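# Descriptive structure summary
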Amino acid sequence: MERKPKKEGLLEKTAQALDLPGEVVGLPRVEIVGRQELRMENHRGILAYGPEEILISGGKLIIKVRGTGLELKAMNAGELLITGTLLSVELT
């Protein structure tokens, strides 16, 4: 089954129209450091957690992190840090 592309929401359109970075209007920001670290700002919580896969809610976006030895090292209301050997990061 083929997935339809998601429509842009008001926040995404506003950020584009005003030429603002997405994180200013609350969109998730994902930063990958090498193969060992993923940092994310503006997350909405963890959906699933395991040593080989972690699913993170970014609002309308779901971030799927796959790897080995994955560990949620730090998390607060707005940011999180995942360590381990990152093999892939998928946005759905």
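It should be emphasised that the depicted structure is a prediction, and the values quoted were computed from it without experimental measurement. (Residues numbered from 1 in each chain as written. Predicted model: local features only at pLDDT ≥ 70, side-chain atom pairs only at ≥ 80, totals over all residues. Heavy atoms only, no water.)

Here we come to the overall build of the protein chain. Of the regular secondary structure elements, the protein chain holds 1 helix and 6 strands. Counted from the first residue to the last, the protein chain has its helices and strands arranged as α-β-β-β-β-β-β. By residue count, 29% of the 92 residues in the protein chain fall in the buried class. Within the protein chain, contacts between residues at least 6 apart in sequence are counted, and of these 37% link residues at least 24 apart. Summed over its atoms, the accessible surface of the protein chain is roughly 6300 Å², and 54% of this surface lies on carbon and sulfur atoms. (Helix = DSSP H or I, 4+ residues; strand = E, 2+ residues; numbered from the N terminus. Buried < 20%, exposed > 50% of the residue type's maximum accessible area, 1.4 Å probe, protein only. Contact = heavy atoms within 4.5 Å. Areas by Shrake-Rupley, 256 points an atom, 1.4 Å probe, with all protein chains shown as cover.)

Below, the discussion takes up the environment of Ala74. As for its placement among the helices and strands, Ala74 is situated in strand β5 (residues 62-75). For Ala74, a relative accessible area of 41% corresponds to the partly exposed category. Between the alpha carbons of Ala74 and Arg39 there is a distance of 9.4 Å; along the sequence they are 35 residues apart. In this structure, Ala74 is in contact with Glu79, Leu80 and Leu81, ignoring residues within four places of it in sequence.

Another aspect to go through is unusual backbone geometry. One non-glycine residue, Asn42, lies in positive phi territory at about 65°. Tracing the backbone through its elements, the reader meets Asn42 in the loop between β2 (37-41) and β3 (45-49). The exposure class of Asn42 is partly exposed, given its relative accessible area of 22%.

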